[in-house]
Amino acid sequence: MKLAVIAHDGKKADIVAFIMKRLDFFSRVEIIATGTTGKHIAHAGLKVQCLKSGPLGGDAQIASLIADGEVNGVIFFIDPLDVHPHQVDVHMLLRICNVYNIPLATNYKTAVYVINGLEVRLHKQQIKDYHFSKGEEISETELNSIINKKL
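What you see is a predicted model, and the numbers here were worked out from it, not measured in a lab.

Caption draft 1: Structural view of the packing of aromatic side chains. Enumeration over the complete set of coordinates arrives at five aromatic pairs. Considering the side-chain rings of Phe 18 and Phe 77, the 5.6 Å spacing of their centres and the 65° angle between planes classify their relative orientation as edge-to-face. Taken together, the positions of Phe 18 in helix α1 (residues 12-21) and Phe 77 in strand β4 (residues 73-77) put the pair 59 residues apart, joining distant regions of the chain. On the accessibility criterion, Phe 77 (3% relative accessible area) is buried. Ring centres of Phe 18 and Tyr 108 lie 5.1 Å apart, and the angle between their planes is 85°; this geometry places the pair in the edge-to-face category. Pair noted here: Phe 18 is in helix α1 and Tyr 108 is in helix α6 (residues 108-133), with a separation of 90 residues, a long-range link. Take Tyr 108: its relative accessible area is 31%, and that puts it in the partly exposed class. Through a chain of ring-to-ring contacts, three or more aromatic side chains come together here, namely Phe 18, Phe 25, Phe 26, Phe 77 and Tyr 108.

Structure (structure tokens):
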């Protein structure tokens, strides 16, 4: 599973705090991030693929990865109280998320719900992979039963 993580300057500390509270989850997924956000995440100790800074094309790079089917979700902490010179790029990224039906969170609370949903999806995939490695098949009913017991 690959997640894109982006934060405007006024939200970078918030996104690092958000990730650190969910370190178990974020350590099990591939993280891509725009420039400075990625550096902050890497400094916190996680492996991250850093792209260009948002205003220098990083938002467009993430949008391209989404269009190519390589991103499973986007966490983008937007600072609604600041003016952003690359607002056109921000809107383009949000539009691409909607076009390709990619889970998108633009604030802390929504990110909690998106990550919870993606965590269930990741857990289901791990259970499927485990059974597959043993040469066993697992039905969707059995899988949901296991997941519901864990929750």
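Next comes the rest of the description.
Caption draft 2: Main features of the nonpolar core. Val 5, Ile 15, Ile 19, Phe 25, Phe 26 and Ile 75 are the most contacted members of the largest nonpolar core, which totals 23 residues. Tallying contributions element by element places α6 first for this core, with five residues. Counting 18 residues, the second-largest nonpolar core is a separate cluster that includes Ile 6, Leu 51, Leu 65 and Val 71.

Caption draft 3: Main features of the side chain of Asp 79. With respect to the element layout, Asp 79 can be found in the loop between β4 and α5 (87-99). Reaching out from Asp 79, the side chain makes a polar contact with the backbone nitrogen of Leu 81 at a distance of 3.1 Å.

Caption draft 4: Expanded view of the environment of Ile 6. Relative to the helices and strands, Ile 6 resides in strand β1 (residues 2-7). Judged by its relative accessible area of 3%, Ile 6 falls in the buried class. Sequence separation between Ile 6 and Ser 53 is 47 residues; the distance between their C-alpha atoms is 9.5 Å. Beyond its immediate sequence surroundings of up to four residues, Ile 6 is in contact with Ile 15, Thr 34, Thr 37, Asp 59, Ile 62, Val 74, Ile 75, Phe 76, Phe 77 and Leu 93.

Reading the values: rules and limits
- Note on numbering: residues in each chain are counted from 1, in written sequence order.
- The predicted origin of the model limits local features to residues at a pLDDT of at least 70 and limits the giving and counting of side-chain atom pairs to 80 or more, whereas totals for whole chains, interfaces and linings rest on all residues.
- Note: side-chain values were computed over all heavy atoms of the structure, leaving out hydrogens and water.
- Each pair of aromatic rings taken from Phe, Tyr and Trp, with Trp reduced to its six-membered ring, is defined by centres within 6.5 Å and is described as stacked if the planes are under 30 degrees apart, edge-to-face if over 60, and tilted in the remaining cases.
- Numbering of helices and strands runs from the N terminus; a helix is a DSSP stretch of H or I covering at least four residues, while a strand is a stretch of E covering at least two.
- The buried label applies to any residue whose accessible area, calculated with a 1.4 Å probe on protein chains only, is under 20% of its type's maximum; exposed applies above 50%, and partly exposed to all values in between.
- In these notes, a set of buried Ala, Val, Leu, Ile, Met, Phe, Trp, Tyr and Cys residues joined through side-chain atoms within 4.5 Å is what counts as a nonpolar core.
- Within 3.5 Å is the distance limit for a polar contact, defined as a pair of N or O atoms, with the added protein rule that one can donate a hydrogen and the other accept it, and that residues adjacent in sequence qualify only through two side-chain atoms.
- Two residues form a contact once any of their heavy atoms are found within 4.5 Å.

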